[in-house]
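Per-entry structural report
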Amino acid sequence: MSSRFAPRPTRATVRGGETAIPRGVPRQNTAAATRTYTPPTPLNLSLTLGPLRRGPADPTFRTTPDGSIWRATRTPQGPATLRVALRGGAAEAEAWGEGAPWLLDRLPQLLGAEDDPTAFTPRHRLLAHTERRRQGLRLLRTGLVMESLIPSILEQKVTTDEAYRAWRLLVRKYGEPAPGPTPAQARMYVMPDPRTWSRIPSWEWHKAGVDNKRASTILRAARVAPRLEEAAAMDPVAARARLELIPGIGPWTSAETVQRSNGAPDEVTVGDLHLPGIVGYALAGDRTADDARMLELLSPYEGQRHRAARLILLSGHTPPRRQPRMPVANIAAL
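Below is a summary of the structure that appears in this document. (Residues numbered from 1 in each chain as written. Predicted model: local features only at pLDDT ≥ 70, side-chain atom pairs only at ≥ 80, totals over all residues. Heavy atoms only, no water.)

As for the overall build of the protein chain
Let me state the cut-off plainly: Secondary structure elements are taken from DSSP: a helix is a run of H or I of four residues or more, a strand is a run of E of two residues or more, and numbering for both begins at the N terminus. Relative accessibility thresholds used throughout: buried, under 20% of the residue-type maximum; exposed, over 50%; partly exposed, between the two (1.4 Å probe, protein chains only). In this analysis, two residues are considered to be in contact whenever any of their non-hydrogen atoms come within 4.5 Å of each other. For the area figures, the Shrake-Rupley method with a 1.4 Å probe applies, and any residue is considered shielded solely by the protein chains shown.
Helix and strand counts for the protein chain come out as 16 helices and seven strands. Per-residue burial over the protein chain gives 52% buried out of 334 residues. Taking the contacts inside the protein chain whose residues are at least 6 apart along the sequence as the reference set, 70% of them involve residues at least 24 apart. Surface accessibility of the protein chain: about 15,300 Å² in total, with carbon and sulfur atoms responsible for 53%.

Brief notes about the packing of helix 6 (residues 146-154) against helix 13 (residues 251-261)
Counted only if it meets this: Lines fitted to C-alpha atoms define the axes here, with helix axes fitted over just the stretch in contact, and angles between the N-to-C directions of these axes take values from 0 to 180 degrees. We call a crossing left-handed when the near helix sits turned anticlockwise from the far one by less than a right angle, and right-handed when that turn is clockwise.
Look at helix 6 against helix 13: their axes get within 9 Å of each other, and the N-to-C directions meet at 145°. Regarding helix 6 and helix 13, the two cross each other, and that crossing is right-handed. Of the residues in helix 13, those in contact with Ser148, Leu149, Ser152 and Ile153 of helix 6 are Trp252, Thr253, Glu256, Thr257 and Arg260.

Here's the deal with the pattern of salt bridges
Let me state the cut-off plainly: Each salt bridge in this description consists of a side-chain nitrogen of Lys or Arg and a carboxyl oxygen of Asp or Glu lying within 4 Å of one another.
Here the structure, examined in full by the defined rule, presents 20 salt bridges. Salt-bridge contacts for Glu176 lead to Arg74; the nearest nitrogen and oxygen are separated by 2.7 Å. Separated by 102 residues along the polypeptide, Glu176 in strand 6 (residues 176-177) and Arg74 in strand 3 (residues 69-75) bring together distant segments of the chain. By relative accessible area, which is 31% here, Glu176 ends up partly exposed.

Looking at the environment of Ala308
Examined against the element boundaries, Ala308 turns out to sit in helix 16 (residues 305-315). We classify Ala308 as buried; its relative accessible area is 0%. Sequence-wise, Ala308 and Arg123 are 185 residues apart; in three dimensions their C-alpha atoms are separated by 9.9 Å.

Here we look at unusual backbone geometry
If you check the backbone angles, Lys157 has positive phi at about 55° while not being a glycine. Turning to its location among the elements, Lys157 is positioned in the loop between helix 6 and helix 7 (160-174). Note on Lys157: relative accessible area 71%, which makes it exposed.

Examining the nonpolar core
Heads up, the rule is: Here the nonpolar core consists of buried residues drawn from Ala, Val, Leu, Ile, Met, Phe, Trp, Tyr and Cys, with membership extended through side-chain atoms lying within 4.5 Å.
Ranked by internal contacts, the top residues of the largest apolar core, which has 32 residues, are Met146, Leu149, Trp197, Trp205, Val210 and Leu228. Where this core is concerned, the elements lending two or more residues are helix 6, helix 7, helix 10 (212-223), helix 11 (225-229) and helix 12 (236-243). In terms of nonpolar packing, the next biggest core, distinct from the first, is built from 22 residues, Leu103, Leu107, Leu110 and Leu111 among them.

Section: the side chain of Glu204
Counting through the fold element by element, Glu204 comes out in helix 9 (residues 202-207). Taking relative accessible area as the criterion, Glu204 reaches 10% and is therefore assigned buried. Excluding residues that lie within four positions of it along the chain, Glu204 makes contacts with Leu170, Lys173 and Tyr174.

With respect to the packing of aromatic side chains
Rules: Within 6.5 Å between ring centres, the rings of Phe, Tyr and Trp (the latter by its six-membered ring) count as paired, and their orientation is classed by plane angle as stacked under 30 degrees, edge-to-face over 60, tilted in between.
Counting across every chain of the model gives four aromatic pairs. Their ring planes at 20° and their centres at 5.3 Å tell us that Phe120 and Tyr301 sit as a pair that is stacked. Pair noted here: Phe120 is in the loop between helix 4 (107-110) and helix 5 (125-133) and Tyr301 is in the loop between helix 15 (291-298) and helix 16, with a separation of 181 residues, a long-range link. An identical accessibility class is assigned to Phe120 and Tyr301; each is buried. Arranged with centres 6.4 Å apart and planes meeting at 15°, the rings of Trp167 and Trp197 form a pair that is stacked.

Some words on the sheet that holds strand 1 (residues 33-37)
One key point about sheets: their strands pair by backbone hydrogen bonds, in either a parallel or an antiparallel sense. Going by this rule: When DSSP finds at least two bridges between two strands, those strands are taken to pair.
In spatial order, the strands read 1-5-4-3-2; together these five strands make up an open sheet with antiparallel pairing. Every other strand in the sheet has two partners, leaving strand 1 and strand 2 (61-63) as the edge strands with one partner each. Put simply, the sheet's adjacent strands are angled 20° from each other on average, direction ignored. Looking at chain direction, strand 2 and strand 3 are connected through three bridges and run antiparallel. Note on strand 3: the bridge partner recorded for Thr63 is Ile69.

What follows is the structure in structure tokens.
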């Protein structure tokens, strides 16, 4: 439902990962570096890059009226801004900053070049219908761990709005302005480097609504960030094992991270409040499904379970709400 009476999305439904891209206003080309990549099959840019967006006001992610998606990130070579848009079936990219060559070199992987959608065979009518409607979905691979790990930690056991607010406040205050001519009035920022994360005072975490458990997990991860970044080159199972060596990072957080950093088609998220019920309801009419039941229902898609879950989330076929929403805790007011 697209009207103003539509239900507010949960974190699970948001993770379906589509972001609206407005159309129609041209933008001047003032790029420092460019690359054009033509994918072998049709590409839906909003579906592919949507999982990188952490809320409508994410300071690291923007869409603009010319159909572009902008992304500010921290690469191994330094901060960078990437703009990418589809023009006649080709992805035209521009990049600025020290990390611009790194981003442009990995543009195909970001847009799903290493993903094989033909490996997925829908065995349920809902998934077959959604796959036809959502053509061009590719599973991205950023090759960057910390940029997905930290916001995933912030999302642990809180509402979507709380997590997005914390990410927005911390990145704007402790990040740095994104390089290049970012969209007017967008105020884009590159996330802080590991040293800066580790030096954020305890009261600033409190003001952002982040409890001590999540803040401590981020601090532990920041201290070993180079070792965690190595996980982007590992197979997904080994990458998750590396991340889960950090106290406070469990299966939910590691799956949410490697889905983005490693382009992992089979790493389905377990331990989620909503996802088992959504999958159970979509595939078997079972809104009370737990993780074990969800994995059982997804077993026909072994090797592509994350893609199957993405398609279920994108289908919009979710169970009607039967209990009050999770209350929003205002830690900063304590």
